[in-house]
Amino acid sequence: MKKTALLFFLLLSFIAGKAQIIEPVKWTSKIEKKSETEYVLIFNATIEDNWHMYSQFSADGGGLPLEVEFNNAENNFEAVGKAQESETHKEYNDIFEVEETFFSNKAELKQTIKVSNPDNTLVQVGLYYQVCKESCIQGENLFAFNLKDLTSQEVMNFEEVVGTVDNTTDTKTEPVKTTEKKTEDSDKKDPWTIFIGTLLAGIFVTFTPCVFPMIPMTVSFFIKQNSSKVKGKFNALFYGLCIIVIYVLISVPFHLFEGLDPNIFANISTNVYLNLFFFAIFTVFAISFFGAFEITMPNSLANKADNASNLGGLMGVFFMALTLIIVSFSCTGPALGLILGSVLSTEGGAMLLTIAMFGFGLGLALPFMLFALFPNLMSSMPKSGGWLNSVKVVFGFIELALAFKFLSNADLVLQLHFLEREVFIAIWIAIFIALSLYLLGKFSLPHDSPVSHLSVGRMLLAVISLSFTIYLIPGLWGAPLKLISGFPPPSTYSESPFGVGGSGGSSVTQELPKGAKLAAHGIVAFEDYEEGLAYAKEVNKPIMLDFTGHACVNCRKMEEHVWSDPAVLSILKNDVVLISLYCDEEKDLPASEQFISKNTGRKIETVGQKWSDFQISRYQSNARPYYVLINLDETNLNEPVAYTPDIEEYLTWLQSGIENFKK
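The structure presented is a predicted model; accordingly, all values stated were derived computationally and were not measured.

Turning to the overall build of the chain, a few remarks are in order. Within the chain, the secondary structure is distributed over 20 helices and 19 strands. Residue burial in the chain is summarised as follows: out of 663 residues, 50% are buried. In the chain, the share of contacts with a sequence separation of at least 24, taken over all contacts with a separation of at least 6, comes to 72%.

So, in C-alpha cells, the structure goes:
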C-alpha cells in the first residue's frame, strides 16, 4: 500500500512540478575544411536506449523527418546536396502504413557547404527532428560554426554569436519604459471554470449506456468479494482514485511539449491544420453518438487490461479502472476529445489541461465512490433503458455544433470567408432545431427506443433548446448574441458588417484615413504599426495597441461585451488611435521584409509571426488579447493589460492612460 501511494505521489508531483524536460538526444558538432571554398559540418547525436530519431529520408505520412535548415545562407554559402547520414534502420509502421527510416542509439550527419562570400565567417544551422519511444518529442538544436577558427558551438538562439549578416527587421524593437511581465496566455479560461465544467462533463457521461450500467455492478463486486465491508469500500474508493489518476496522466505529454516549446499552446490554437483536424474528429464523434457506428478501442488492448485486472490487490484494482476507461471509450471518447480540443484551442496551457482532466476523471469516478460509501443509495438509481441512448444523441448534437467552431477558426485564420457569421449562425440554428425536434419525439435515430410519451426532463430540455434557437435567429440580421460571444465569427467577418439594411458603412468608408479599416462597432483601426503611428502623430492622439487574433475567443468577447459599452466605445472612437495587430495572420511577408527573430532564432515569414515577435520583443508577452496604451514617442502611458472582462476596470485603465497622455 505504501509503495502504491508513493507511486501516485511521485506521478502527481511530476505533473505539478512540470520542470522535468526529457531530452533523449544529445548533440555535438564540429567543422572540417575540405578546400578553400568548401567545408563539412559534422553533427553527432547520442540517442537514449529504446528511443529512435527519424531520418531526413523517412517516408511522408509517418514520423516527422529530420530537417537541416540554414539561417544566414543567402548570398553567403549554399548547401551541397542533402546531409549524408550514418547507418539507419527501416521498419513498416502499421498505424501510418508507411515504411519509416530512423536512427537508433547514435547518428551522424555530414553536411557539405560551398562558400560564396569570403567575408562571411559565420554559418548558422538548425536541426529540427522527432524522436519517439512510447511518446514522441519534437527537438530543436541550433549551432553556430566559425569558418575562420574552425570552431562550433550550440546556441540557444542565433543572436548569441555575432555574425557578419544583419538579418533584422525595420520594425523598432528597442526596449520601452515598462515593467517586465512574464509571458502569459490570456485566452485561457479561469481554472475554476474549467474544473467545474469538466467535472459536470464527467458526471454527464456516467449517464450513457457505456458507463451507467457498470456503476451498480462494479460497486457490488467490490463490496461482496471482500469479507470485510471496510476493505470492500476502500477498494471501491481506490478504484475511483485510479480513474482520476489515469485521466490526469493523459495530460503528462503536454507538459513535456510545453517545456520544449512554451508557445506550443498558442501555436495549436491558431494552427489551421489542427483546427481542421479537431473539426473532423468532433464531426465523426457526433455521427458516432447519433448511432451510425461505434468508436471503440482495439479489443486486444481491452483484453490485456482485463487480464491484468486478475492480478489481485491494488494493482488489479488499477487495471480494472483502466479496463473501464477502455471499454467505455465509445461514450467517453467524444467528451474527452471535446475537453482536449477546447483547452488546446484556447491556449490553455498544460497545467490547465491537467486541471480539466482531473475534473473529468473526478466527475466520472464520483458515482462509483459515492455508492461505495453509501450502497443503500443504489436502490434509488433509475433503471437503465432507452433514455441512456437519448443522452448520447443530445451530446452528439452539442458536439456537432462545437465542431464548427474549429472550422470557423481555420477559416478566420486563412481569411477565406467561407464560413462567415451568418452562415455559422444558420448552421447552429439548424442543429438546435433538429435537437428540439428530436427531444419532442418528432423523429428517432438508430438504437432509440419508441417514445410513447415525453418525460418532464425531456420536455424541459426541448424548451431550452427551442428557446436558444429562437435567440439565435436575430443574429442573422446583425444582433450581437452576447450569450455566445466568441463562438461565431465577429460581426466584421460578415456578409453585412453593418447589419441587414445598415447604411452607415459607405459614408464612413470614404472618410477613412489611408491604411485604416472599420473594426468592431465601426471603430477606425489600423492593422500596420507604422501606418497607425504616423496617423497618431498627425492627429496628436495616444495609441492603443491591440494584440489580437482572428481565432482568439477572448478577443471577440472583449470586442462584443466591453468595447460595446457606450463609455468605452466613445474613447476608442474619439480619443485614441487603434492599431490591431493580428498575431495569427497567415499572409506571407514580402521576401525583403522577412527576417530572423532575435528572440527565437526562427525565420519570420508571415505577418502574424512578425507582430507576435514584435509583441514578445517589446512587452515580454504573447497574450491575446493584450492592450497597450503608448505615447507618440512609443513609451507606455500605463501598465498593459490582457483579458479584462470587467467594463469598469477596463474603462479606468483607458482613462488613466489618456490622462497621462495629456500631462
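From this point, the discussion proceeds with the structure in view.
The grouping of Glu-67, Glu-69, Glu-586, Asp-588 and Glu-605 at the surface amounts to a negative patch. Structurally, Glu-67 is set in strand β4 (residues 67-70). Since its relative accessible area comes to 40%, Glu-67 is described here as partly exposed.

Turning to the packing of aromatic side chains, a few remarks are in order. Considering all chains together, one arrives at 35 aromatic pairs under this definition. Ring geometry for Phe-547 and Tyr-619: centres 5.9 Å apart, planes at 65°, overall edge-to-face. You can see Phe-547 sitting in strand β15 (residues 543-548) and its partner Tyr-619 sitting in helix α19 (residues 607-619), a full 72 residues away along the chain. Phe-547 sits in the buried class, given a relative accessible area of 0%. Its relative accessible area of 2% is what places Tyr-619 among the buried residues. Of the aromatic side chains, those joined through ring pairs into one cluster are Tyr-529, Phe-547, Trp-611, Phe-614, Tyr-619 and Tyr-626.

Right, let's talk about the side chain of Thr-332 for a bit. Mapped onto the elements of the fold, Thr-332 is located in helix α10 (residues 329-345). The contacts of Thr-332, once residues within four sequence positions are left out, are Val-205, Val-211, Tyr-247, Ile-325, Phe-360 and Leu-364.

The subject of this paragraph is helix α11 (residues 350-373). If you check α11, its first and last C-alpha atoms are 33 Å apart, about what 24 residues at 1.5 Å a residue would give, namely 34 Å. Where α11 bends most, at Ala-365, the angle is about 40°, and the proline Pro-367 comes one to four residues later.

This part covers the packing of helix α4 (residues 229-249) against helix α9 (residues 313-327). It is the contact of α4 with α9, at a shortest axis distance of 8 Å, that shows an interaxial angle of 55°. By the criterion of interaxial angle, the relationship of α4 to α9 is oblique. Relative to α9, α4 is oriented so that their crossing is right-handed. On α9, the residues touching Phe-234, Asn-235, Phe-238, Tyr-239, Cys-242, Ile-243, Ile-246 and Tyr-247 of α4 are Leu-314, Val-317, Phe-318, Met-320, Ala-321, Leu-322, Leu-324 and Ile-325.

What follows covers the sheet that holds strand β19 (residues 626-630). Within a sheet, each strand pairs with its neighbour through backbone hydrogen bonds, oriented either parallel or antiparallel. Here five strands make up an open sheet; going across it, the order is β13-β14-β16-β15-β19 and the pairing mixed. Every interior strand has two partners, whereas the edge strands, β13 (516-518) and β19, have only one. With direction set aside, neighbouring strand axes in the sheet form an average angle of 35°. Looking at chain direction, β15 and strand β16 (residues 577-582) are connected through six bridges and run parallel. From the neighbouring strand, Ile-543 faces β16, where its bridge partner is Val-577.

In this section: the environment of His-52. With respect to the helices and strands, His-52 occurs in strand β3 (residues 52-54). C-alpha of His-52 to C-alpha of Phe-103: the two residues are 51 residues apart in sequence and 5.5 Å apart in space. Excluding its chain neighbours within four sequence positions, the residues that come into contact with His-52 are Ile-47, Phe-102, Phe-103, Ser-104, Gln-130, Val-131 and Cys-132. One polar contact links His-52 to Tyr-54, side chain to side chain, over a distance of 3.4 Å.

This next bit is on the pattern of salt bridges. Overall, the coordinates contain four salt bridges when judged by the stated rule. Measuring nitrogen to oxygen at the nearest pair gives 3.7 Å for the salt bridge that ties Lys-33 to Glu-36. Of the charged contacts, one joins Glu-527 and Lys-517 as a salt bridge, the two residues approaching to 3.4 Å between their closest N and O atoms. Of this pair, Glu-527 sits in the loop between β14 (524-526) and α16 (529-539) while Lys-517 sits in strand β13, and the two are ten residues apart along the sequence. You can call Lys-517 partly exposed: its relative accessible area is 41%.

Here the focus is the nonpolar core. Formed by 49 residues in total, the largest nonpolar core has its most connected members in Tyr-239, Ile-243, Tyr-247, Met-357, Phe-360 and Phe-368. Looking at this core element by element, the count peaks at 13 residues for α11. If we ignore the near neighbours within four places in the chain, the residues touching Tyr-239 are Thr-218, Phe-222, Val-317, Met-320, Ala-321, Leu-324 and Phe-368. Core analysis: the second largest hydrophobic core is formed by 48 residues, Trp-563, Phe-595, Tyr-626 and Tyr-627 among them.

Two faces belong to every sheet, and in a regular strand the side chains alternate between them. Relative to strand β9 (residues 106-115), strand β2 (residues 38-47) runs antiparallel, the two being bridged by nine bridges. In the sheet register, Glu-38 faces β9, and the bridge partner there is Lys-114. Here strand β5 (residues 77-79) runs beside β9; their pairing, made up of three bridges, is antiparallel. By the bridge assignment for β9, Glu-78 is matched with Lys-114. Where strand β6 (residues 84-85) meets β9, two bridges bridge the pair, whose relative direction is antiparallel. Directly across from Gln-84, in β9, lies its bridge partner Lys-110.

Another aspect to go through is the environment of Ala-401. Tracing the sequence through the fold places Ala-401 in helix α12 (residues 387-414). Excluding anything up to four places from it in sequence, Ala-401 contacts Trp-428, Ile-431 and Phe-432.

A cluster of nonpolar residues, Leu-440, Val-451, Leu-454, Val-456, Met-459, Leu-460 and Val-463, forms a patch on the protein surface that exposes about 560 Å² of accessible area. Relative to the elements of secondary structure, Leu-440 occurs in the loop between α13 (421-439) and α14 (456-472).

Glancing now at unusual backbone geometry. At Gln-415, a position not held by glycine, the phi torsion is positive, near 55°. Positionally, Gln-415 belongs in the loop between α12 and α13. On the basis of relative accessibility, which here comes to 29%, the residue Gln-415 falls in the partly exposed class.

This part is about the packing of α13 against α14. Axis separation between α13 and α14 bottoms out at 8 Å; the angle between their running directions is 160°. One way to sum up the angle between α13 and α14 is to call them roughly antiparallel. Here α13 and α14 pass one another in a crossing that is left-handed. Residues Ile-425, Trp-428, Ile-429, Phe-432, Ile-433, Leu-435, Ser-436, Tyr-438 and Leu-439 of α13 touch α14, and the partners they reach there are Arg-458, Leu-461, Ala-462, Ser-465, Leu-466, Phe-468, Thr-469 and Leu-472. Tallied by class, the residues present in the contact of α13 with α14 amount to 13 nonpolar, three polar and one charged.

What follows deals with the confidence of the model for the chain. The predicted model of the chain averages 80 in pLDDT, with 80% of residues at 70 or higher. pLDDT under 50 marks residues 1-21. Its contacts with residues more than four places away, or in other chains, come to 28 contacts. Note on residues 162-188: pLDDT under 50 across the span, and 68 contacts to partners over four residues away in sequence or across chains.

Let's shift gears to helix α20 (residues 647-662). A rise of 1.5 Å per residue sets the reference length of α20, with its 16 residues, at 22 Å; its end C-alpha atoms lie 23 Å apart and thus fit the reference within 8%. When we look at burial in α20, the residues that qualify are Tyr-650, Leu-651, Trp-653, Leu-654, Gly-657, Ile-658 and Phe-661. Along α20, the residues classed as buried sweep out an arc of 160° about the axis, all on the same side. Of the exposed residues in α20, the ones pointing more than 90 degrees away from its buried face are Glu-648 and Lys-662. Its side-chain oxygen 3.1 Å from the backbone nitrogen of Glu-648, Asp-646 forms the N-cap of α20.

The rules we used
Residues numbered from 1 in each chain as written. Predicted model: local features only at pLDDT ≥ 70, side-chain atom pairs only at ≥ 80, totals over all residues. Heavy atoms only, no water. Helix = DSSP H or I, 4+ residues; strand = E, 2+ residues; numbered from the N terminus. Buried < 20%, exposed > 50% of the residue type's maximum accessible area, 1.4 Å probe, protein only. Contact = heavy atoms within 4.5 Å. Patch = residues over 30% accessible without salt bridge, like charges linked within 9 Å, V, L, I, M, F, W, Y side chains within 5 Å. Areas by Shrake-Rupley, 256 points an atom, 1.4 Å probe, with all protein chains shown as cover. Salt bridge = Lys/Arg side-chain N within 4 Å of Asp/Glu carboxyl O. Lys, Arg positive; Asp, Glu negative; His and termini not counted. Charge placed at Lys NZ, Arg CZ, Asp CG, Glu CD. Phe/Tyr/Trp six-rings, centres within 6.5 Å; stacked < 30°, edge-to-face > 60°. Expected span 1.5 Å × (residues − 1). Bend = angle between axes of the 7 residues up to and from the residue. Axes fitted to C-alpha atoms, helices over the stretch in contact; angles between N-to-C directions. Parallel < 35°, antiparallel > 145°, perpendicular 65-115°, else oblique. Left-handed = near helix turned anticlockwise from the far one by under 90°. Pairing = 2+ DSSP bridges. Polar contact = N/O pair within 3.5 Å; in protein donor to acceptor, adjacent residues only side chain to side chain. Core = buried A, V, L, I, M, F, W, Y, C linked by side-chain atoms within 4.5 Å. Nonpolar A, V, L, I, M, F, W, Y, C, P; charged D, E, K, R; others polar. pLDDT = per-residue confidence, 0-100. Arc of directions from axis to C-beta.

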